[in-house]
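These are the residues of each chain, in order.
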Amino acid sequence: MASVLNVKESKAPERTAVVAGLPVGLFSDQLLALLVKSHFQDIKNEGGDVEDVIYPTRTKGVAYVIFKEKKVAENVIRQKKHRLARKARHAELTVSHFSDKIFSSVNAILDLSVFGKEVTLETLVKDLKKKIPSLNFSPLKPNGRISVEGSFLAVKRLKESLLVRACSLLEKDRNFTSEGRKWNRQNPQRSLQRSNNPLASVRTLVPETARSGEMLVLDTDVFLYLHHKCRSYESTLKKFCILSQEKVDGEITTICLKNIQVGSQPNNAKHVKELIEEWSHALYLKLRKETFILEGKEKKEKRMINWACEQLSSRYPEVLINFYRTHVDIIGSSSDTYLFKKGVMKLIGQKVS
């Protein structure tokens, strides 16, 4: 929190980038800050003069980079990928705009007991710590609960890892009954209903035909963007003669891939699955979402927000706009969603923060 206040007091939030994904534990904090400064001052990385690097911060692996010029900060954020020097193991960084509303640290409580006897929970936690070292894990409690703290992006990655693990377990055991979780996508503040068989709750999201095909689980926002904005999705299905059956349930989308033609290469569905997983992972790191809440607003204000989004859609073809009864989701790259939201606020006559 002190580091966030430092940025605010410097009167430079518009010149500040939030950098996540720093390799924790490889170097001293001072040396890592120097490596970050050197990287973002390099013109090859669309960088420029750096006024200050605030690190360490309250969140492990996250730094604030303050540039001397606003334009340089925007150029850096617009670039899709950043990788540190070789001696930093080419760590992949995620860069986003600084905001007063930014979650510099997120706390979450996991109930790992849902995995039951399928896995050893201590081993699962050990694997997660190794995979996402920037997260802080509390000791595992006897009831299977554990608290986690880290950056918003790190927690999102944790969620993805647990979904993949659950999916893997389902593919090994297809004989349990279903009684599921029901997600309400129409409300941004989604609620979850527990079942008596927690793993079976994921089972309800799987199409029946998945038993004879390749099945994968994706974040719904990523899937919708892949489906509507990436031509490679449909073209690849057509090229390899694959039938895709998708089921969207709140934050989770399950996909079953099957060969359409009899006698097709049996590995076609598996190959397409691997391609989709690769694309979705790249999008997961790239995409950001902004939400305009409609619930509780006057009808005129709702119409204005919808109208503004429609007006800007042609200007930002890479942004996906999802209209719902209670809200509008804007999904795209960090810079596009930021500029889109800024444009909407301007059109509806609200002050841009």
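For the structure itself, look to the data block above.
Residues numbered from 1 in each chain as written. Predicted model: local features only at pLDDT ≥ 70, side-chain atom pairs only at ≥ 80, totals over all residues. Heavy atoms only, no water.

(A) A look at helix H4 (residues 121-131). Leu121, Leu124, Val125 and Leu128 are the residues of H4 that are buried. Mapping the buried residues of H4 onto a view down its axis gives an arc of 95°, with all of them on the same face. H4 presents Glu122, Lys126 and Lys130 as exposed residues on the side facing more than 90 degrees away from its buried surface. (Buried < 20%, exposed > 50% of the residue type's maximum accessible area, 1.4 Å probe, protein only. Helix = DSSP H or I, 4+ residues; strand = E, 2+ residues; numbered from the N terminus. Arc of directions from axis to C-beta.)

(B) Examining the pattern of salt bridges more closely. Inspection of the entire model under this criterion finds 7 salt bridges. Note that Lys289 and Asp329 form a salt bridge whose closest N and O atoms lie 3.9 Å from each other. Separated by 40 residues along the polypeptide, Lys289 in strand E12 (residues 287-293) and Asp329 in strand E14 (residues 327-333) bring together distant segments of the chain. Across the salt bridge formed by Lys297 and Glu301, the nearest N and O atoms sit 3.6 Å from each other. (Salt bridge = Lys/Arg side-chain N within 4 Å of Asp/Glu carboxyl O.)

(C) How the structure looks around helix H2 (residues 29-41). In a regular helix each residue adds 1.5 Å, so 13 residues correspond to 18 Å; H2 covers 18 Å between its end C-alpha atoms and thus fits that length. For H2, the full list of buried residues reads Leu32, Ala33, Leu35, Val36, His39 and Phe40. Looking down the long axis of H2, one finds its buried residues gathered within 160° of arc, a one-sided arrangement. The outward face of H2, more than 90 degrees from its buried face, is lined by the exposed residues Gln30 and Leu34. On its buried face, H2 is in contact with strand E1 (16-20), strand E2 (50-54), strand E3 (62-67), helix H3 (70-78), strand E4 (82-83) and strand E5 (92-97). (Expected span 1.5 Å × (residues − 1). Contact = heavy atoms within 4.5 Å.)

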